[in-house]
Amino acid sequence: MIKQQLIHSKTWEERYRLIIHAGKNLTQPTEQQLTQMHFISGCEAKVWFQIFEKNDRTFEFTAFSESRIINGLLWILLQEINGKTASQLKSFDFKTYFSELSIAQRLSSTRLNGLKQIEALLHQL
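Residues numbered from 1 in each chain as written. Predicted model: local features only at pLDDT ≥ 70, side-chain atom pairs only at ≥ 80, totals over all residues. Heavy atoms only, no water.

As named in an unreviewed UniProt entry, the protein chain is SufE-like protein, taken from Pasteurella canis. According to UniProt, the comment filed for the protein chain under the heading Sequence similarities (unreviewed entry) is "Belongs to the SufE family." (UniProt positions renumbered as here; feature names shortened; annotations may be inferred.)

Structure, rendered in structure tokens:
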């Protein structure tokens, strides 16, 4: 649903509001949970990411950032990658995905750096 809303948004301001609103779907982890998550460096905001392999050989992910916009981007990303197999995740291209949503061209290089680090983690599965 969020994917279609972003694709059909007419302006960046509308997309920005959708992204910020989407970020509210992520719950803030406890300090203990954060210590168990992988810290993503290279992003302008602190980002944590965790990978869980399920019995059916698919993966589930949790993520969190101190930034509202990054939380929105993470939540949107999680909607696309949760439940995928390792081979599906290895072929997933973040930049193409965010370009399809008309978001990539507005992301700063430091925001993209954090997402690229997550992409590298997925490609290692």
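Structural notes on the overall build of the protein chain
Each helix and strand counted, the protein chain has 7 helices and 4 strands in total. Listing each helix as α and each strand as β along the protein chain from the N terminus yields α-α-α-β-β-β-α-β-α-α-α. Computed over the C-alpha atoms, the radius of gyration of the protein chain is 14 Å, within 12% of the 14 Å expected from 2.2 N^0.38 for a compact globule of 125 residues. A principal-axis box enclosing the C-alpha atoms of the protein chain has dimensions of 40 × 30 × 25 Å. Counting every position in the protein chain, which comprises 125 residues, the buried fraction comes to 45%. For the protein chain, contacts bridging at least 24 residues in sequence account for 58% of all contacts bridging at least 6. The averaged location of the 12 negative side-chain charges in the protein chain is 4 Å from the averaged location of its 15 positive side-chain charges. (Helix = DSSP H or I, 4+ residues; strand = E, 2+ residues; numbered from the N terminus. Rg over C-alpha atoms; globule rule 2.2 N^0.38 Å. Buried < 20%, exposed > 50% of the residue type's maximum accessible area, 1.4 Å probe, protein only. Contact = heavy atoms within 4.5 Å. Lys, Arg positive; Asp, Glu negative; His and termini not counted. Charge placed at Lys NZ, Arg CZ, Asp CG, Glu CD.)

Some points on the packing of aromatic side chains
Using the criterion set out here, one finds 8 aromatic pairs in the structure. Their ring planes at 65° and their centres at 5.8 Å tell us that phenylalanine 39 and tryptophan 48 sit as a pair that is edge-to-face. For phenylalanine 39, a relative accessible area of 43% puts it in the partly exposed group. (Phe/Tyr/Trp six-rings, centres within 6.5 Å; stacked < 30°, edge-to-face > 60°.)

Observations regarding the sheet that holds strand E3 (residues 58–65)
The strand order E1-E2-E3-E4 describes an open sheet built from 4 strands, whose pairing is antiparallel. Because the sheet does not close on itself, it has two edges, and the strands there are strand E1 (38–40) and strand E4 (84–85). In this sheet, E4 lies alongside E3 in antiparallel orientation, the contact comprising 2 bridges. By the bridge assignment for E4, phenylalanine 59 is matched with lysine 84. Most of the contacts of helix H4 (residues 68–81) go to E3, to which it runs at about 175°, and overall it touches strand E2 (47–53), E3 and E4. (Pairing = 2+ DSSP bridges. Axes fitted to C-alpha atoms, helices over the stretch in contact; angles between N-to-C directions.)

Some remarks on the packing of helix H2 (residues 12–23) against H4
Two elements in contact, H2 and H4, have axes separated by 7 Å at closest approach and are oriented at 80°. One way to sum up the angle between H2 and H4 is to call them roughly perpendicular. Of the residues in H4, those in contact with Tyr16, Ile19, Ile20, Ala22 and Gly23 of H2 are Arg68, Ile69, Asn71, Gly72, Leu73, Trp75 and Ile76. Partitioned by chemical class, the residues of the contact of H2 with H4 number 8 nonpolar, 3 polar and 1 charged. (Parallel < 35°, antiparallel > 145°, perpendicular 65-115°, else oblique. Nonpolar A, V, L, I, M, F, W, Y, C, P; charged D, E, K, R; others polar.)

Some details on H2
The end-to-end C-alpha separation of H2 is 16 Å, in line with the 16 Å expected for 12 residues at 1.5 Å each. Of all the positions in H2, only Trp12, Arg15, Leu18, Ile19, Ile20, Ala22 and Gly23 are classed as buried. Elements in contact with the buried residues of H2: helix H1 (2–8) and H4. (Expected span 1.5 Å × (residues − 1).)

Points about the pairing of E2
Note: E1 against E2, 3 bridges, orientation antiparallel. Bridge pairing links phenylalanine 39 to tryptophan 48 in E2. One ladder, built from 7 bridges, connects E2 with E3; its direction is antiparallel. Directly across from phenylalanine 49, in E3, lies its bridge partner alanine 63. Where E2 folds back onto E3 in an antiparallel hairpin, the turn is made up of 4 residues, including arginine 57, whose phi is positive at roughly 70°.

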